[in-house]
Amino acid sequence: MLTTFNTRKNMQDYSIKKRVLVTGGAGFLGSHLCERLLNDGHDVLCIDNFFTGTKDNILHLLDNHNFEVIRHDITFPLYVEVDEIYNLACPASPIHYQFDPVQTTKTSVHGAINMLGLAKRIHAKIMQASTSEVYGDPEVHPQLESYWGKVNPIGSRACYDEGKRCAETLFFDYKRQHNLKIKVARIFNTYGPRMHPNDGRVVSNFIVQALKGNSITVYGNGSQTRSFCYVDDLIDGFIRLMGSADELTGPVNLGNPGEFTILELAEKVIAMTNSSSKIEFKPLPSDDPKQRQPNISLAKKDLNWDVKIKLEEGLEKTIAYFQKMISSNQ
Ligand SMILES: NC(=O)c1ccc[n+]([C@@H]2O[C@H](COP(=O)([O-])OP(=O)(O)OC[C@H]3O[C@@H](n4cnc5c(N)ncnc54)[C@H](O)[C@@H]3O)[C@@H](O)[C@H]2O)c1
């Protein structure tokens, strides 16, 4: 029997292939998400203004007829037809988000309003890429989703932290006011291939410095701790969250709870790259959190999600990526 799908609702109910919009799709996480969605058989629309993302990140996807790219800034409205929206567009590293802090807040706040408005109009499900930065410099360890955070609202990181907090507020108000299907992921430090080589994020920084034989810059005495999640684990969490029951809105922490000091990470990278680099200590930047570690019990319970990739394994893949990039630029 031939079934005809003559309404969009029918398409959503019966079609396995979904039309998925990824904002910030040419960035580090966005490009991995686009790749995963295409591999899962979906139709992917990547939106990016290429502020920190690059065409190189999605070059390998351009031949896929299920993949489309539009250069667009999400601070302006967008009119497209999709079933799901992953809202990732936003510079993520301090160097980039502090470059034009007003634009950073606009991207989080106006961008969220535009994408939520789009989701409302077309009845799409929407996921927000929020961040552990909403916890600020936390007094509680590890951080549970119920913790409200300690953020300096007027500091140099506020354009990002408060922008992301306001975006979360908007997501929950769109749910309460318009009954939108929302999902909020609070992402902790994630690393892997296609990170920007010069964005000051600690894993890429250390690897590039070590591969070039430059000094490894550690801020403070290196005793501050971070957790490092490999990108494939995180993307798996995104897919599970989007596919979860409608009542499960989050916020849900996604990250690797394994805690390492910055000094331990520096030493590991030096050893794994066989580098002759020496560690150089510099003063801590303002509002730098001393400790950051996710409690992922909610994601384990409700999404049946857990991290699988150990730091050494993830570092190996990331080092290989940067090694190739550095040697092709020489
Ligand atoms: N990587 C992490 O560890 C991490 C941690 C917490 C949260 N996040 C969040 O995940 C998302 C993706 O982060 P990432 O690490 O891939 O960063 P990224 O900088 O590599 O990617 C962000 C992408 O958004 C694009 N973009 C920025 N402003 C835009 C705008 N106004 N309109 C359209 N596109 C725009 C950039 O060009 C880039 O391609 C961000 O929202 C970030 O806040 C990432």
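Refer to the structure presented above.
Residues numbered from 1 in each chain as written. Predicted model: local features only at pLDDT ≥ 70, side-chain atom pairs only at ≥ 80, totals over all residues. Heavy atoms only, no water.

Looking now at the overall build of the protein. Looking only at helices and strands, the protein features 10 helices and 13 strands. Seen along its three principal axes, the alpha-carbon backbone of the protein occupies a region of about 70 × 45 × 40 Å. Taking all 330 residues of the protein together, 53% fall into the buried category. For the protein, the share of sequence-separated contacts (at least 6 apart) that also reach a separation of at least 24 residues comes to 81%. Summing over all exposed atoms, the protein offers an accessible surface of approximately 15300 Å²; the carbon and sulfur share of this is 52%. Charge separation in the protein, taken as the distance between the mean sites of 37 positive and 38 negative side-chain charges, equals 2 Å. (Helix = DSSP H or I, 4+ residues; strand = E, 2+ residues; numbered from the N terminus. Buried < 20%, exposed > 50% of the residue type's maximum accessible area, 1.4 Å probe, protein only. Contact = heavy atoms within 4.5 Å. Areas by Shrake-Rupley, 256 points an atom, 1.4 Å probe, with all protein chains shown as cover. Lys, Arg positive; Asp, Glu negative; His and termini not counted. Charge placed at Lys NZ, Arg CZ, Asp CG, Glu CD.)

With that out of the way, let us pick up the pattern of salt bridges. According to the stated counting rule, one finds 15 salt bridges in the structure shown. The salt bridge involving Arg186 is made with Glu168; its shortest N-O contact spans 2.7 Å. Of this pair, Arg186 sits in strand β6 (residues 182-187) while Glu168 is found in helix α5 (residues 158-178), placing the two residues 18 residues apart along the sequence. A single burial state applies to Arg186 and to Glu168, both of which are buried. A salt bridge links Asp306 to Lys300, with the shortest nitrogen-to-oxygen separation between them at 3.8 Å. Lys300 gets classed as partly exposed once you look at its relative accessible area, which sits at 40%. Each of the salt bridges in this network shares a partner with another, and the network as a whole consists of Arg36, Asp40, Asp236 and Arg240. (Salt bridge = Lys/Arg side-chain N within 4 Å of Asp/Glu carboxyl O.)

It is worth spelling out unusual backbone geometry at this point. Comment: phi is negative for the bulk of residues other than glycine, and the bulk of peptide bonds are trans. His141 connects to Pro142 through a cis peptide bond whose omega is -15°. Positionally, Pro142 belongs in the loop between β5 (125-131) and α5. Cis peptide bonds are those with omega within 30 degrees of zero, and the linkage from Gly250 to Pro251 qualifies with 5°. Looking at the secondary structure, you find Pro251 in the loop between α7 (231-242) and β11 (252-254). Backbone geometry at Arg194 places phi at a positive 80°, although glycine is not the residue there. Tracing the chain through its elements places Arg194 in the loop between β7 (190-191) and α6 (202-212). The backbone phi angle of Asn274 is positive, close to 55°, even though this residue is not glycine. Along the polypeptide, Asn274 turns up in the loop between α8 (262-272) and β13 (279-282).

Further remarks concern a nonpolar patch on the surface. Taken together, the side chains of Leu59, Leu62 and Val69 make up a nonpolar region of the molecular surface, amounting to roughly 250 Å² of accessible area. Structurally, the position occupied by Leu59 is in the loop between β2 (43-48) and β3 (67-71). (Patch = residues over 30% accessible without salt bridge, like charges linked within 9 Å, V, L, I, M, F, W, Y side chains within 5 Å.)

We now examine the site of the ligand. Taken together, 30 residues are adjacent to the ligand, and Asp48, Thr52, Tyr160, Lys164 and Arg201 come closest. Phe51 is positioned with one of its backbone polar atoms (N or O) 2.9 Å from an oxygen atom of the ligand. At 2.8 Å from an oxygen atom of the ligand is found a main-chain nitrogen or oxygen belonging to Leu88. About the coverage of the ligand: the protein hides 97% of its 820 Å² of free accessible area. Elements supplying a minimum of two residues to the shell around the ligand: α2 (28-39), α4 (101-122), β5 and α5. No other element matches the three residues that β5 contributes to the shell around the ligand. (Near = heavy atom within 4 Å. Polar contact = N/O pair within 3.5 Å; in protein donor to acceptor, adjacent residues only side chain to side chain.)

Let us look at the sheet that holds β6. Strand order in the open sheet made by the seven strands is β3-β2-β1-β4-β5-β6-β11, with parallel pairing throughout. The outermost strands of the open sheet, each flanked by one partner alone, are β3 and β11. Going across the sheet, the axis of each strand differs from the next one's by a mean of 20°, ignoring polarity. Packed on one face of the sheet, α2 meets β1 (19-23), β2, β3, β4 (84-87) and β6 and runs near 170° to β1. Contacts between α4 and the sheet are confined to β1, β4, β5 and β6, with β4 contributing the most and set at about 170° to the helix. (Pairing = 2+ DSSP bridges. Axes fitted to C-alpha atoms, helices over the stretch in contact; angles between N-to-C directions.)

Across the 11 residues that make up α6, a large majority, eight, are buried. Taken together, the buried positions of α6 are Val203, Ser204, Asn205, Phe206, Ile207, Val208, Gln209 and Ala210. Where α6 is buried, its residues meet β7, β8 (216-219), α8 and α10 (311-328). With its phi angle positive at about 75°, Gly213 sits one or two positions after the end of α6.

Next up on the list: α4. Compared with the 32 Å implied by 1.5 Å per residue over 22 residues, the 31 Å span of α4 between its first and last C-alpha is a close match. At Thr107, α4 is bent by approximately 30°, the largest bend along its length. Positive phi shows up at His123, right after α4, with a value of about 55°. (Expected span 1.5 Å × (residues − 1). Bend = angle between axes of the 7 residues up to and from the residue.)

Note that every value here comes from positions in space, so none of it alone points to a role or purpose.
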